[in-house]
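This is what each chain is made of:
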Amino acid sequence: MGRSRSGSNASSVHTSYTMQSGMSSSMGSSLAFGNISLQGGSSNLSEYAIPTMDPAEAGRGFEKLLQDLQSTSADPRSVRKAACCAALVETARERRSGNANNDEESEVSPNEMFVAIIAALTSLQSSLEQKQKSLSTGADADADGVESSSINTITSELENTALPLLEILRRILPYVAHYSNNSGALLSHQFGTLSRMLRMFVALGYALPGVVSGAADGRKKKGKQQQQQQQGTGANALLRQLLKVSTTLLLVAPPSMSSSTKEKELARLLHSTIVPMFHDVRPKVRKAAWGCGMEIVVVACASASSSFNNVSDMSDDGKQNDIVKKVQNQRKTIADFLWEYCHAITSNYSPGSKETSSKLIHVLRFLSSALPFADDVRIRIRFGEGCLKLMNGGDAAAEGGGKKNKSKGEVSMEVIKETLLTLLSCLEMTEQEQQELEDSIVGTTTATASEEMPKFAARSLAFLLQHRPNSANSSYNGDANVVYGRCLLACMERMLGKDNSIVGQDDNVPASKLLAMKLLPNVLTSMLHLCDAPAAEGDGNDTHSETCGSEFNQFVSRMIPIVVSYLDGNTTNAKLHRVALEILPQCISIVQQSLQIQYRSAWGSILSGGYATFTSTLANCLLQKKQSSAAGGEDDSELESKLLSWVKTCVLSLLRLHDDVTKDGVARTAVEYATSTIIRGMGVELFLTVVEFVDEDDSSGKKNLSSSTGGGIRDDRAWLLPLMKQSAATTTSSSTAAGVTSKTHLAFFQGHVLSLARKCDAASADGHRTAAEISIQKSRVVELWSLFPAFFCVYPLDMKENFGMVAKTVVKALGDHERYPKLIPIICGGLKNLAIGVMERAASKSSPNATEDYDVLSNVSTKILPSLFKLVETLNQSPSKKSEGDDEAMMEVDSVSSSKKKKKAAETKSQQNHMQLVEAVTDAIGQLAQICPREFLQNLFKKVVQRLLVATTEIAEDSSDDKDAKNATAMRMSSLLGLGQALVASGSLDDASLSLLYRAVRPLVRSDEHDPRVQKRAYKVLAEICDKHKEFVTSSERLTEMTELMVDSIVTCQVSARHMRLKCMTHIVKGFDSENQVHMEVIPKIMGEVLLCLKDSNAKTREASYQLLLAMGTARDDMTDYFRIILAALGAQTTHMRSAAVMALSRLTFEYARDDFTVQSLLPSLMQTVAVLFDDSSREVTKSVIGFVRVSVAAMTREQLEPLLPEVVGGLMKYNKGKDRFRAKIKIILKKLVRVYGYEVIAPLVPEEHARLITHMRKLSERAARRKAAGVQDGRSVVHNDFDDMMESDEDDSDDGRTFMTGATGFTRMTAMSGKITKSSAMDRSAKSKSVVSGARSTMTSKSAKASGPRIKADLNGEILDMLDASKMARSVRFADMDMNDGDFSDDDDDDDMQFDNDGRIVISDGMPEPKGKKHVTEHYQSDDDENLDLKSGGKRRRVSKFESVKLANKDAVRKKQKAKKESTVSLGSAYKSKKAGGDVRKKGQKYEPYAYVPLNAKDYTKKNRDQAVSKMGTVVRSTKRKR
């Protein structure tokens, strides 16, 4: 029920104590009740243990308190508090100086601080009272300024003096009341004075201006009173602070006060300060008062705990223990005063009075949070009885003999709602009770609750069933219904309890438990009817129904399992067993009522919740009974048949509902989700038992033709097949800890599921069916088989008896892979799951039959594995077949190129499917190989290797040119190698077998005469051996042999095998010994191959070569020598090798420069060496060098890089011009250098012809700084930690991409990915473009106007610009007028600009001249003629030629004609007329069109457009006015 509570241990209560309203999360947003904080959240309950703690510890605590009070922070309140505390300390020391016996330098005592505070408060109180009197008597209409000044003065004194003094007083009161401080004698003596002072402050707070005192409506004042209210806000803070001080004073009052006056003074203080504010009209004050009341209740309840009081070092005479007991009793007395007040309010309620109703609601809200902390169960019972009385009409009902007094009115729904919440607090179990029940501790609370609470719960339940709140017109009806349902659940939980093991005579059953069992159907009916209740005004009925449905689900999930547990007659009482058998059929009929249409709005909640839980609970009980009977327990077939009948009734009712709501999408979804939940809860085996998928012959011998498919499963049951498959996701989560629903029988799969599959298969073979029907039947066969891995391979119980028979069926199904290729991954997945589950259970010994199941699977695997091996070979040898649909699609294609593309796509997809099938089979082989007998596996493996050797010999000896035969042999070798790889991956082969496989694979690696697929698969086998059997590879002899193999086979390696070859070499290099000279000599031999692979077109190959490069560096263990080997490649003759060497240096620098000091020290010399390549004319070398400079600049220190700046900057600027420029990357590097050294250092190093670039960069950085300071920075800085990003990216990692922002759209690389556009840039560019096209003020010629549009940067390298690539477009699209002199567009760009239409779409011209008379009319020529002709240049009128004048005149004529055509009324059917012809021929005098094509557009005949449609039809029919 989700209530946050704290038990009796108040030491665990935090500083802020927030009470929930008692409403669970299922309420949603329909209920929002105020939270109550203890003392406004500023009090620590541990302070109330101070009066009884150890004296030494209390002394240290007081010293720390003074330090905290005098410390300051940024909060003005702490400053004022520190100033007041310092003044009080100084005052106390001045008073001490008058006494010669006191030491002025010693610490101030609590008593001295207390006296100083009392004196200060007394003086302040007198001052405030005088100002308040003068304000109330002397204020008039002509003295507004004086009155306002007085109010400000009072407010200032409250904030600066009163509030800090009261807070300091509250903090030191526990130390003044400490028993070592003369038993708190000073506080006892001054208690009356302090109490009167607090009461007078409360009266002063209510008398201050701006305080609404007692107005029930709480309306805000207007005019001058509203101004006073705004100025007098300090009164609320004063009242809240007074509440805190009063609460602390009540709880720490020393017990040494005389008993005659003690209770009187305590009650007076409580009823004068805290209790009146329970009903304050201001929510903050009222909630603060509730929080103080809560604090009293919690502390009184928790005081009995020794951990709260922190009692230690007890004296021999027991003085401290006696003080603790007195304090406990005193606090309990204060709490009793509070309970008595609340009881008086609830008892004296009169339904007709608004004042009493308001007070009652306030008290009930307080009680709903405070009652769970009551230290006595009888308190909760007492208030619970009062709640029942209130719901029955209060005093009006009592006076009338139980009948409501109509003259006094009825109880409002708001009162009923709050009463129900309070009753719920009385009934629910507290955390202390739950903890005692869980720990099996029979404490005082549990003992009393077990005796009294069930009786009270029974009375409450009987009352609630007779007095259900219903008021259709009340806005609180929905909330009250929800709380009403929770009260019913709480009553049932109290009455049933959690002790379900009552065995023996019928007399042992508690009467409340028996009564709860008998009333369960009635309660269940009431809970269900709540879902049909009307919603509150303004709330959706669906939301209310869903909320009530959640409560129904909670009730079913908590109560029904308890009732069902009583069905076991061997472990429960006989009477409870009989009652359970009687009420369950009634509950079934009630739950079935939830399927009625009146509860449709709640189906989304109750069907998948309560209904599914009810059905699953019965099903689980049935499965447990069957499992117990199978294990040799008592056979209770009668109960099993009843349970089966009940489960079947519930399931079939839900399925019938699905047939009724097929056209209702929302309801159908709810039913399907509920069915899926039921399948997960009861298991697929039981579900298939109760649901009939095939029509059975009835007594007349006829079949139900409406639902039958004539041989297959019923059409109205077909939707269940995918649901059962989906439900397996959560059911098969763990095989070792499988529940009762996951334990299935293979015999059921063989006899029932496969029987259905055979019928569907037979139906698909019917020649009278269409292709679509055959496809449907085949898909159902596959869906039925999909249950095999999902359910029947998780935890089969009959492996020993039936797995052999199932294995034969599985092998036959795999043999039919041509008709059902989708069965291969399904069956192989099932075998894999089965092997994994059996191995896990055998290892953990979680099942008594685990060893037997392991042996059975091991023996049967000898029959399955050969079939799987054969299947792999068959799949590799069989050509991929196209489906009929593909052939038909090919025939429909007219274009040859399109058919080729589709054919290639179909072949690619077929190859992918083929690879997935082979992978699924090899995975199953690898898993079964771990469990099959070792001797059998070795023999099988030897046969595979033998066939591989035979195939290798055949290819070597075959000298013919028969490509088909060679291809078939290559496919066979690939399949055999794949089998070998699967066996290696299983880890079941010994060293002898691995050595045999290695010797068979080695010739395939050395030779390049075989098919590339064979060599690639051979390298895969070697990579698998290196990965799974590292010991085999890293042995000294084998490592040397494999190293020689890798070195010698460099020349014969196929391109497709590079990736796997590099992986093998990586594993081998990781086994190298840096002290072994032979191993170290291998690294230079393979370095060339590794470097060249860095430039490979395959991404996987490049990454594998990088990993090998790093592995060689680790194995070399001498980075200086390792770098020297790579640097040798810089002198290579080919640019490819030089570029690869620089890329290798970049990667090593990126990986090791941060952590390896040796690499860090080598960077300056590396930079100087690589700088030689600045003069290289190759583009790929240039790109690699710039990437190396970028990485090195980020890795080098300031001191290392500074001497190299002239060489670095000068070399970079060589690539700034020409076709091989890398301007973007160079600008990024320059920005980094500028950030480190500043523009003053970098600018002189830049050549003079590029000075404008550095100036432009400076302006951009200054602009970015200004924007950042103004708070309009765009985007976030992105740090590129990935090596590829740093090498390939043209985007800076710290400038937010501003440098590369496009002028037209404001796009950068970052904004292109996020979909955002820089607003300022877009606005600027829009303004510029408008200024460009405004011909009246433009001075551009046609050529200059052409250059103003958005432009795409030309690429002279022959590369095609992908306009769908956001990053490339962001770098390429610019507005030329944004930066006319920018180097990106100043040199080698063409003259063609990019055009946009009015919608912002790109206009692409085909390059052909436009026909005469159809030229595009731009906005430039749509302005007035005078403006077009008045084109000025340099202040002089430009002469217009005759040709241009004629052209402008023609364009103007076309424009006017188009405008007139647009304004004319469009005739009916004009869209279908020919643009060249004149229309249909009319006779002389014919008024209407002979023919008309009327478009049937519904929008034209709406009420809004009806007149226009009628006017259009005036050319077709006669228009007449309608008579009204």
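Anyway, here's the lowdown on the structure attached to this text. These numbers come from a predicted model, not from an experiment. (Residues numbered from 1 in each chain as written. Predicted model: local features only at pLDDT ≥ 70, side-chain atom pairs only at ≥ 80, totals over all residues. Heavy atoms only, no water.)

### Side note on the overall build of the protein
So, point 1. Scanning the protein from terminus to terminus reveals 61 helices and 10 strands.
So, point 2. With 1524 residues in all, the protein has 47% of them scored as buried.
So, point 3. Put simply, of all contacts in the protein between residues at least 6 apart along the chain, 74% involve residues at least 24 apart.
So, point 4. As presented, the protein carries roughly 75,700 Å² of accessible surface, and 50% of it is formed by carbon and sulfur atoms. (Helix = DSSP H or I, 4+ residues; strand = E, 2+ residues; numbered from the N terminus. Buried < 20%, exposed > 50% of the residue type's maximum accessible area, 1.4 Å probe, protein only. Contact = heavy atoms within 4.5 Å. Areas by Shrake-Rupley, 256 points an atom, 1.4 Å probe, with all protein chains shown as cover.)

### Examining unusual backbone geometry
So, point 1. Positive phi is not limited to glycine here, since Ser-183 has a value of about 55°.
So, point 2. If you trace the backbone, Ser-183 turns up in the loop between helix 4 (144–176) and helix 5 (185–207).

### Let's talk about a positive patch on the surface
So, point 1. On the surface, Arg-758, Lys-808, Lys-812 and Lys-863 cluster together into a patch of positive charge.
So, point 2. Note that Lys-812 resides in helix 31 (residues 799–815).
So, point 3. Relative accessible area serves as the criterion here: at 66%, Lys-812 is assigned to the exposed category. (Patch = residues over 30% accessible without salt bridge, like charges linked within 9 Å, V, L, I, M, F, W, Y side chains within 5 Å. Salt bridge = Lys/Arg side-chain N within 4 Å of Asp/Glu carboxyl O. Lys, Arg positive; Asp, Glu negative; His and termini not counted. Charge placed at Lys NZ, Arg CZ, Asp CG, Glu CD.)

### A closer look at the side chain of Ser-988
So, point 1. Summarising the element assignment, Ser-988 is placed in the loop between helix 37 (963–986) and helix 38 (991–1006).
So, point 2. For Ser-988, a relative accessible area of 7% gives the class buried.
So, point 3. Of the polar contacts made by the side chain of Ser-988, one reaches the backbone oxygen of Ala-929; its length is 3.1 Å.
So, point 4. With residues up to four places along the chain from it excluded, the contact list for Ser-988 reads Ala-929, Gln-930, Arg-934, Leu-937, Gln-938 and Leu-983. (Polar contact = N/O pair within 3.5 Å; in protein donor to acceptor, adjacent residues only side chain to side chain.)

### A word on the packing of aromatic side chains
So, point 1. Here the structure, examined in full by the defined rule, presents 8 aromatic pairs.
So, point 2. A centroid spacing of 5.5 Å and a plane angle of 75° characterise the contact between Phe-749 and Trp-785, whose relative ring orientation is edge-to-face. With Phe-749 in helix 28 (residues 746–764) and Trp-785 in helix 29 (residues 771–785), the pair connects residues that are 36 residues apart, well separated along the chain.
So, point 3. Judged by its relative accessible area of 0%, Phe-749 is buried.
So, point 4. Exposure remark for Trp-785: the relative accessible area of 6% places this residue in the buried category.
So, point 5. Across the ring face of Tyr-795, the terminal group of Arg-841 is positioned such that the distance to the ring centre comes to 4.4 Å.
So, point 6. The ring of Tyr-1106 carries the charged tip of Arg-1147 above its face, separated from the ring centre by 4.7 Å. (Phe/Tyr/Trp six-rings, centres within 6.5 Å; stacked < 30°, edge-to-face > 60°. Lys NZ or Arg CZ within 6 Å of the ring centre and 35° of its normal.)

### Examining the pattern of salt bridges
So, point 1. Per the stated rule, a full pass over the model turns up 37 salt bridges.
So, point 2. Residue Lys-332 is joined to Asp-336 by a salt bridge in which the shortest nitrogen-to-oxygen separation is 3.6 Å. Within this pair, Lys-332 and its partner Asp-336 are both found in helix 11 (residues 319–347), separated by 4 residues, close to a single helical turn.
So, point 3. A relative accessible area of 38% places Lys-332 in the partly exposed class.

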